[in-house]
Amino acid sequence: MSDQEFYTFSEYMRKDQEALSPSAEDYMEMIYRLSKEQGFTRVNDLAGALNVQPPSVTKMIQKLSEMNLIKYEKYGVIMLEQEGKNLGKALLYRHNLIEEFLRLLNIREGLLAETEKMEHTINDDILSGIRDLVEFFKQNPRLRESWDSYQSGHPIPTQII
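Owing to the predicted nature of the structure, the values given are computational and were not obtained by experimental measurement.

Definitions and limits used
Residues numbered from 1 in each chain as written. Predicted model: local features only at pLDDT ≥ 70, side-chain atom pairs only at ≥ 80, totals over all residues. Heavy atoms only, no water. Phe/Tyr/Trp six-rings, centres within 6.5 Å; stacked < 30°, edge-to-face > 60°. Helix = DSSP H or I, 4+ residues; strand = E, 2+ residues; numbered from the N terminus. Salt bridge = Lys/Arg side-chain N within 4 Å of Asp/Glu carboxyl O. Buried < 20%, exposed > 50% of the residue type's maximum accessible area, 1.4 Å probe, protein only. Expected span 1.5 Å × (residues − 1). Arc of directions from axis to C-beta. Contact = heavy atoms within 4.5 Å. Core = buried A, V, L, I, M, F, W, Y, C linked by side-chain atoms within 4.5 Å.

Evaluation of the coordinates by the stated rule reveals 3 aromatic pairs. Seen in terms of ring centroids, Phe136 and Phe137 are 5.6 Å apart; in terms of plane orientation they differ by 75°. Their pairing is edge-to-face. Centre to centre, the rings of Phe137 and Trp147 are 6.3 Å apart; their planes meet at 35°, and the pair counts as tilted. Highlighted residues: Phe137 in helix H7 (residues 124–139) and Trp147 in helix H8 (residues 141–152), separated in sequence by 10 residues. Grouped by ring-pair contacts, the aromatic residues Phe136, Phe137, Trp147 and Tyr150 constitute a single cluster.

Laid out in structure tokens, this is it:
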């Protein structure tokens, strides 16, 4: 795929077919979140956290189990394999970093939804750039104050919205 030609969104996403689906990523991230304290989670806890029905969870965790990312036995607990722990940790890091970036931009309304949408389409180079920018502002609080001041003085004209 050439960087000089335009494609539809679907075509750009097709190149990532070998990666987990956005839904599978959401499951892995949430399993990691829910497992951090006890080392495991359960189908009903996962269903509640993701606002899905338990049969949907069962279907997805069977797929994740086949990929050796989790251990699961019917009616038992869900535990992350080491590869699943590594992936879940990376997915949570990505989520938190994007959310922090959006906060830096003073995004408040729909923060979670926008974070969720962005995290599934962003590549590692862009994520690295976002990380560097967020860290730069953390290490330079005066520049962060200047940035916040600049933003508050430059609202978007209503005719653009």
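What follows concerns the pattern of salt bridges. Applying the stated criterion across every chain, the model contains 8 salt bridges. The salt bridge partner of Glu99 is Arg103, with a shortest N-O separation of 3.0 Å. Taken together, the residues Glu99 and Arg103, both in helix H5 (residues 82–104) and 4 residues apart, mark about one turn of the helix. For Arg103, a relative accessible area of 38% translates into the label partly exposed. Two residues, Asp148 and Arg144, come together in a salt bridge whose shortest N-O distance is 3.1 Å. Of this pair, Asp148 and Arg144 both sit in helix H8, 4 residues apart, which is roughly one turn of that helix. When its relative accessible area of 27% is taken as the criterion, Asp148 is described as partly exposed. Overall, the relative accessible area of 26% leaves Arg144 in the partly exposed class.

Once that is clear, we can look at H7. Its 16 residues give H7 an end-to-end C-alpha distance of 22 Å, which sits within 8% of 22 Å, the value for a rise of 1.5 Å per residue. By the burial criterion, the buried members of H7 are Leu127, Ile130, Val134 and Phe137. An end-on view of H7 places all buried positions within 90° of arc, on one side of the element. Set apart from the buried face of H7 by more than 90 degrees, the exposed residues are Asp124, Asp125 and Gln139. The inward-facing, buried residues of H7 abut H5 and H8.

Core analysis: the largest hydrophobic core is formed by 21 residues, its most contacted members being Met28, Ile31, Leu46, Ile61, Leu64, Ile70 and Ile78. Residue assignment for this core shows that the elements contributing at least two residues are helix H2 (22–35), helix H3 (43–50), helix H4 (54–66), strand S1 (70–72), strand S2 (78–80) and H5. Setting aside residues up to four positions removed in sequence, Ile78 forms contacts with Ile31, Ser35, Phe40, Thr41, Arg42, Val43, Leu46, Ile61, Ile70, Lys71 and Tyr72. In terms of nonpolar packing, the next biggest core, distinct from the first, is built from 9 residues, Phe101, Leu102, Leu127 and Val134 among them.

The next thing to look at is unusual backbone geometry. Within the chain, Asn68 stands out as a residue other than glycine whose phi angle is a positive 60°. Residue placement: Asn68 occurs in the loop between H4 and S1. The exposure class assigned to Asn68 is exposed, which follows from its relative accessible area of 53%. The phi dihedral of Asn106 falls on the positive side, at around 65°, and the residue is not glycine. Mapped onto the elements, Asn106 comes out in the loop between H5 and helix H6 (111–119).

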